[in-house]
Amino acid sequence: MLRRLYRFHGYGSLNKVYRSGATLRGGSLSLKYGGRKPGTGYRVAVVVSKKVHKSAVVRNRIRRRIFEAIRHYAQDQTLASDLVFTVFDDRVAAMPSDQLTADVARLLEKAH
RNA sequence: CCAGAUUAUUGGCUAAUCGCGUGAGCUUCGGCCUACGAGGAAAGUCCGGGCAGCAUAGGGACGGGCAGUCGCUAACGGCGACCGGGGGCGACCCUAGGGAAAGUGCCACAGAAACAAAACCGCCAGCUUGCUGGUAAGGGUGAAAAGAGUGAGGUAAAAGCUCACAACGCUCUACGGUGACGUAGAGAGUCGGUAAACCCUGCCUGCUGCAAGGAGAUGGAUUCUCUCGAGCCUAAAGCUCGAAGCAUCCCGCUGAGGAUUCAUCACAAGAACCGCUCGAGCCUGCGAGCAAUCGUAGGCCUAGAUAGAUGAUUAGCAGUCCUUGGACUACAGAACCCGGCUUACAGAUAAUCUGGCACC
RNA sequence: GGGCGAGUGGCGGAAUUGGUAUACGCGACGGACUUAAAAUCCGUUGACUGUAAUGGUCUUGAGGGUUCAAGUCCCUCCUCGCCCA
């Protein structure tokens, strides 16, 4: 899990990314990223709808694994954008962590 | 040992590295350090309360809920014990279980007849030979056809029509029990089912919900809104009544709300907050009680997030599945808090009891 | 978090106070018309299972209950949808 500083708070800023952000598609998840002024850091949200999986435990695991992959990526690279990951497949809960980290890193690379 | 019954507990473990939230401490304000951090169902939202607002929520109507008895409880549609009924060889389990002679509705099809009484077939008698009368024991219809078995008497043929014994529910009396009810005796036995149909009886019940609500209190001034209508009056002013609010209606109660500003008291930067976690709280012992539960003594503080922390990876062990070797770790994620109910749940453990077999 | 509603053939959609479940439309199948097809007309059509023949059993999201009888009444669960800052 990322620190509170790097997460979204409230609907307004999230809706702004949904309206004006650009979209990248991956295997099981997509990324919307949007304009933030340079030098102001980054914010991340992960959206896992109830249609992905009925169990709240599985949805929580998906969310935490993606946050963890982003955290490892942010240790080496610098991020500067609003990032919204949307999951549409429950394979994310069971796939090996190396593959998940690579998928997330590929999306983040494209966004820059 | 095998097959069961009931109840309770547990719900992968250890280590390393990297992280997140809250509180305390330190700080050179960059951080550092330390403690704690999902459940028995956190779930479904099916009930009941606390708490908050609407009048310190008051009476009645309407509506809704519950239903054996006695207890427990803050309360309950929950729990415990007992009674009646049903199931099991048994341990034990299941049970929405008030009232149908207060009234109303419904009982399709079939059937002669469906809640008010009845003759279709059969049996018996009479004569006009296909009608009349007698007969509710038998047949047939149906979920249900006047409570009723065996034997004897009785008759034209029959029938609780009469008698003996047995069964059934009802009423009364006696005894036992706080009570539901049980046991015994006596009496009279034509007179459905359905109340998870309306209804009657008894008891309970205001509405909205933390997305509630708060974010100064008291007093005064000005102004606006609800605000308009009717009556008294020539008109104005004034008075009275109604309308307004109390989230269904009547009674009853009250004028209510917003903005600006002044004074006094209080508060001290916070809407990124409070409510928010110390509570019908948990653990242990003792006592009362068959038990639910209650009393008492000692000890303990045990998540409080807010697009939402409680995690990720690696190694070893334990277990399960299939073929070396891999895969997997029951059900499942707090959202104001409690008491229950219901539903989901791999495996492991413990206690008590029942039936059967073998041995001593 | 809190509050509501719905579920009937392959699809849509009826079924009055409990009383023959699936009326009606679409679709599908067979036949007629045609050289062939479309349109039109006629007929069949829930599932399973028989017999020489008439048939029998099950079915309203799932399970249970009340009743002679349940799509309808009551309870528990499942799925889908809607509303509230």
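Rules used throughout
Residues numbered from 1 in each chain as written. Chains lettered and ligands numbered in written order. Predicted model: local features only at pLDDT ≥ 70, side-chain atom pairs only at ≥ 80, totals over all residues. Heavy atoms only, no water. Helix = DSSP H or I, 4+ residues; strand = E, 2+ residues; numbered from the N terminus. Rg over C-alpha atoms; globule rule 2.2 N^0.38 Å. Buried < 20%, exposed > 50% of the residue type's maximum accessible area, 1.4 Å probe, protein only. Lys, Arg positive; Asp, Glu negative; His and termini not counted. Salt bridge = Lys/Arg side-chain N within 4 Å of Asp/Glu carboxyl O. Polar contact = N/O pair within 3.5 Å; in protein donor to acceptor, adjacent residues only side chain to side chain. Pairing = 2+ DSSP bridges. pLDDT = per-residue confidence, 0-100. Axes fitted to C-alpha atoms, helices over the stretch in contact; angles between N-to-C directions. Left-handed = near helix turned anticlockwise from the far one by under 90°. Contact = heavy atoms within 4.5 Å. Nonpolar A, V, L, I, M, F, W, Y, C, P; charged D, E, K, R; others polar.

This paragraph deals with the overall build of chain A. Along its length, chain A carries three helices and four strands. Along its sequence from the N terminus, chain A presents helices and strands in the succession α-β-β-β-α-β-α. Relative to the globule expectation of 13 Å for 112 residues, the C-alpha radius of gyration of chain A, 13 Å, shows essentially globular dimensions. A principal-axis box enclosing the C-alpha atoms of chain A has dimensions of 35 × 30 × 25 Å. Counting only residues that meet the buried cut, chain A has 40% of its 112 residues in that class.

One can find Lys-32 in strand S2 (residues 29–34). For the buried Lys-32, which has no salt bridge, the nearest side chain bearing the opposite charge is Asp-82, at an N-O separation of 12 Å. Within polar-contact distance, the side chain of Lys-32 engages the side chain of Thr-23 at 3.1 Å.

Both strand S1 (residues 22–25) and S2 contribute to a ladder of four bridges, which runs antiparallel. Within S2, the position partnered with Thr-23 by the bridge is Lys-32.

Within strand S4 (residues 82–87), five of the six residues are buried, which leaves the element mostly enclosed by the surrounding structure. The sheet contact formed by strand S3 (residues 43–48) and S4 spans six bridges and is parallel. In the strand pairing of S4, Ala-45 is matched with Val-84.

Moving on to the confidence of the model for chain A. Predicted confidence across chain A gives a mean pLDDT of 79, with 90% of residues reaching 70 or more. The complex prediction reports pTM at 0.76, with the ipTM value standing at 0.79.

Time to look at the packing of helix H2 (residues 56–76) against helix H3 (residues 97–111). H3 packs onto H2 with a crossing angle of 65° between their chain directions and a minimal axis gap of 9 Å. As for how H2 packs across H3, the hand of that crossing is right-handed. Taking contact as the criterion, the partners of Arg-65, Ile-66, Ala-69, Ile-70 and Tyr-73 in H2 are, on H3, Ser-97, Leu-100, Thr-101, Val-104, Ala-105, Leu-108 and Glu-109. Residue composition of the contact of H2 with H3, grouped by class: eight nonpolar, two polar and two charged.

Under the criterion given, the structure shown has three salt bridges. Note that Arg-43 and Asp-82 form a salt bridge whose closest N and O atoms lie 3.3 Å from each other. Of the two residues, Arg-43 sits in strand S3 while Asp-82 sits in strand S4, which places them 39 residues apart along the sequence. Asp-82 matches Arg-43 in its accessibility class, with the two residues each being buried. Put simply, Asp-103 and Arg-106 hold a salt bridge, and the shortest N to O gap is 3.1 Å. Of the two residues, Asp-103 and Arg-106 both sit in helix H3, three residues apart, roughly one turn of that helix. For Arg-106, a relative accessible area of 45% translates into the label partly exposed.

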